[in-house]
Amino acid sequence: MTALPAHESELLYAPHEKVYPREVKGRFARLRVAAAGVLLGVYYLLPWWQLHGRQAVLFDLRARKFYLFDLVMWPQDFIFLTWLLILAALSLFFVTAIAGRLWCAYACPQTVWTEAFLFMERLTEGDRAARMKLDAGPWTRQRLARKGAKHLLWLVFALWTGITFVGYFSPIRELLPDLGQWTLGPWEMFWICFYSFATWGNAGLLREQVCKYMCPYARFQSAMFDQDTLIITYDAERGEPRGSRRKAAATAAAPRGDCIDCTWCVQVCPTGIDIREGLQIDCIACAACVDACDQVMERTQRPRGLIRYTTQHALDHQATRVLRPRTFVYGGILLLLAAGFATALALRQPLNLDVLRDRNRLYRELDDGSIENVFTLKIANMDEQSRSYVVALGNRDEYLLQPAGLRVEVPGGAVYSTTVHVRRIGSEAESPSERIVFRLSRADRPSLTVEHAARFLGPGRRE
Amino acid sequence: MAVEPHELSRRARLIGVTVWSSFLAACVGTMVCFAFIAPADLLGDAYEGQRPDHLGVYTLGFFGLWLLAALSSALTLYLNRITNDRAASTRK
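Let us look at the structure shown here.

1. Brief notes about the overall build of chain A
- Tallying secondary structure elements over chain A gives 17 helices and 16 strands in all.
- Its C-alpha atoms give chain A a radius of gyration of 32 Å, more than 25% over the compact-globule value 23 Å for 463 residues.
- Reported as C-alpha extents along the three principal axes, the dimensions of chain A are approximately 115 × 60 × 50 Å.
- Relative to its 463 residues, chain A shows a buried fraction of 44%.
- In chain A, of all internal contacts separated by at least 6 residues, the share reaching a separation of at least 24 is 67%.
- In chain A, 56 positive and 47 negative side-chain charges are present, and the distance between their average locations comes to 7 Å.

2. What to know about the environment of R238(A)
Residue and element names in this part refer to chain A.
- Inspection of the secondary structure puts R238 in helix α12 (residues 236–239).
- Look at R238 and you get partly exposed, because its relative accessible area is 22%.
- Separated by 21 residues in sequence, R238 and C259 have C-alpha atoms that sit 7.8 Å apart.
- Excluding its chain neighbours within four sequence positions, the residues that come into contact with R238 are G257, D258, M297, R302, P303, R304, G305 and L306.

3. Here we look at a nonpolar patch on the surface
- Taken together, the side chains of L85(A), V28(B), M31(B), V32(B), F36(B) and I37(B) make up a nonpolar region of the molecular surface, amounting to roughly 530 Å² of accessible area.
- Ranked by residues supplied to the nonpolar patch, first place goes to helix α1 (residues 6–36) of chain B with 4 residues.
- Position of I37(B) relative to the elements: it lies in the loop between α1 and α2 (39–43).

4. Describing the sheet that holds strand β13 (residues 406–410) of chain A
All names here are of chain A.
- The 4 strands are arranged β13-β11-β15-β16 in an open sheet whose pairing can be described as antiparallel. Across the chains shown, the open sheet's two edge strands, defined by having one partner strand only, are β13 and β16 (445–457). The sheet shows a mean angle of 25° between the axes of neighbouring strands, direction not considered.
- Sheet topology note: the strand β15 (residues 433–442)/β16 ladder contains 10 bridges and is antiparallel. Looking across to β16, one finds that S433 is bridged to L457.

5. Here we look at the sheet that holds strand β4 (residues 65–68) of chain A
All names here are of chain A.
- Pairing in this open sheet of 3 strands is antiparallel, and the strands run β3-β4-β5 from one edge to the other. Edge positions in the sheet fall to β3 (57–60) and β5 (71–73), since each has one partner strand and no second. Averaged over neighbouring strand pairs, the angle between their axes works out to 15° when direction is ignored.

6. Concerning the packing of aromatic side chains
- All told, the structure shown has 37 aromatic pairs over all chains when counted by the stated rule.
- Between Y44(A) and W113(A), the ring centres sit 6.3 Å apart and the planes meet at 70°, which makes this aromatic pair edge-to-face. One end of the pair, Y44(A), is in helix α2 (residues 27–45); the other, W113(A), is in helix α5 (residues 109–125), and 69 residues separate them in sequence. The exposure classification of Y44(A) matches that of W113(A), with both residues buried.
- Plain terms: the ring middles of W83(A) and F341(A) are 5.9 Å apart, the flat faces sit at 70° to each other, and that makes the pair edge-to-face. Separated by 258 residues along the polypeptide, W83(A) in helix α3 (residues 78–99) and F341(A) in helix α17 (residues 325–347) bring together distant segments of the chain.
- When its relative accessible area of 11% is taken as the criterion, F341(A) is described as buried.
- Members of the aromatic cluster, joined through ring pairs, are W187(A), F190(A), W191(A), F194(A), W20(B), F23(B), F62(B), F63(B) and W66(B).
- We note R143(A) situated over the ring of W139(A); from NZ or CZ to the ring centre the distance is 4.0 Å.

The rules behind the values
Residues numbered from 1 in each chain as written. Chains lettered and ligands numbered in written order. Predicted model: local features only at pLDDT ≥ 70, side-chain atom pairs only at ≥ 80, totals over all residues. Heavy atoms only, no water. Helix = DSSP H or I, 4+ residues; strand = E, 2+ residues; numbered from the N terminus. Rg over C-alpha atoms; globule rule 2.2 N^0.38 Å. Buried < 20%, exposed > 50% of the residue type's maximum accessible area, 1.4 Å probe, protein only. Contact = heavy atoms within 4.5 Å. Lys, Arg positive; Asp, Glu negative; His and termini not counted. Charge placed at Lys NZ, Arg CZ, Asp CG, Glu CD. Patch = residues over 30% accessible without salt bridge, like charges linked within 9 Å, V, L, I, M, F, W, Y side chains within 5 Å. Areas by Shrake-Rupley, 256 points an atom, 1.4 Å probe, with all protein chains shown as cover. Salt bridge = Lys/Arg side-chain N within 4 Å of Asp/Glu carboxyl O. Pairing = 2+ DSSP bridges. Axes fitted to C-alpha atoms, helices over the stretch in contact; angles between N-to-C directions. Phe/Tyr/Trp six-rings, centres within 6.5 Å; stacked < 30°, edge-to-face > 60°. Lys NZ or Arg CZ within 6 Å of the ring centre and 35° of its normal.

And the structure:
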């Protein structure tokens, strides 16, 4: 264990300097804006999509049902949701192993919303130089107006984000009128404010600090990396020794590399690093430096790609292998889990039976000497249509269900509760507790059957 | 450029780490917990006649778990600091 004295460990945290990312244009910037547009569009519009007369994607907390397009998930289906999350995590690992931090660059909500907030900042405060000047200058009326406009824009956007977020949990088409008439529940109101505040804080104020200090993925993504993973890197072989062309010509010094040390790559970096210092954990692989450097290379009439997407093997003049053990292992596990998920989903029975024993009385002896137990059946119809079901006792002939041949009609998405009596006829039971099985089948499709075991209690054999 | 005071910045980051990691734990915890417990079961008989506010139960559950996880994270950081300080002083 190497423990640092307090004053040294403090140095692990560099003092925070505000980063003013310069706007950059180019193919990767276009791709990033497109990705952000699509993802934000999906986020803000999805709750408005109606399907089968309800919200297509709704995590209905009140009814405890999750609607995912045609799929309706009940609390019993919790395993599917967990499975889905594991699948998502594994996909992330797989993509990371092959293509590096694509997630961070194009898809992470932190990146996407930061980009939206930066756009509004540029709109109100101007470009990088203007923003730095504004912050360095005194509090003039203009500064106040620009800052005020920025925060107003941010606030409206954050509020809309919060409302949309709550719209995923309670129907957004009812939420908005309620909000307009101030009849919204206190908790909904709370979550709108909380989520808006979190958006404003994360995308407006914290920004790259979330990636640098808070994101766990940023810390462990390097475990997925190898020599064949796509990274963004500066070609030091080509670039060094760096320096201004003009100066080099004037002093007739040693031949210069392609890097003219214009520091554009540093100015555009949203996390404020210098990519020329090598691969760093702070780099979110957004490729802003690639675009910036490509522009400079074009102007100085040098080939593009001094900073580029490449692999460590390619940098070392070796062949890059996309297909390697890591690809197969991650890909194999991912495929297996996906296949398992699809199968389990296809085999999922839209029907559930719970059996509860009557708590008041263990058993009752009837006049004819037979023993009776009382149970409550809870039948959940997980289909969206109304269905008819038949209840029967499964395994043993000496038990009788009353009412016999019980048939119940359960509306779509509802849970139906009914009380049944089970009677043991004939000889006495061997043991005071015997296993019986309730069997529930859909009337029009007997193959759709679920079973639930219960204990039948009695006095047992009398000596 | 605006440079924030050193000490404050470090403390702010430690708080950030605590809050954030416990937030993630609370998210998972809330999901698992309420997959098995329905708010109606919790409120059940005590609120007879009143409609229980489900969202309130979820919210309090979430923040309760968050607080618990944050306490655990903070305690871990704190104990770790003491351990480090002791290791440093014995090395000297």
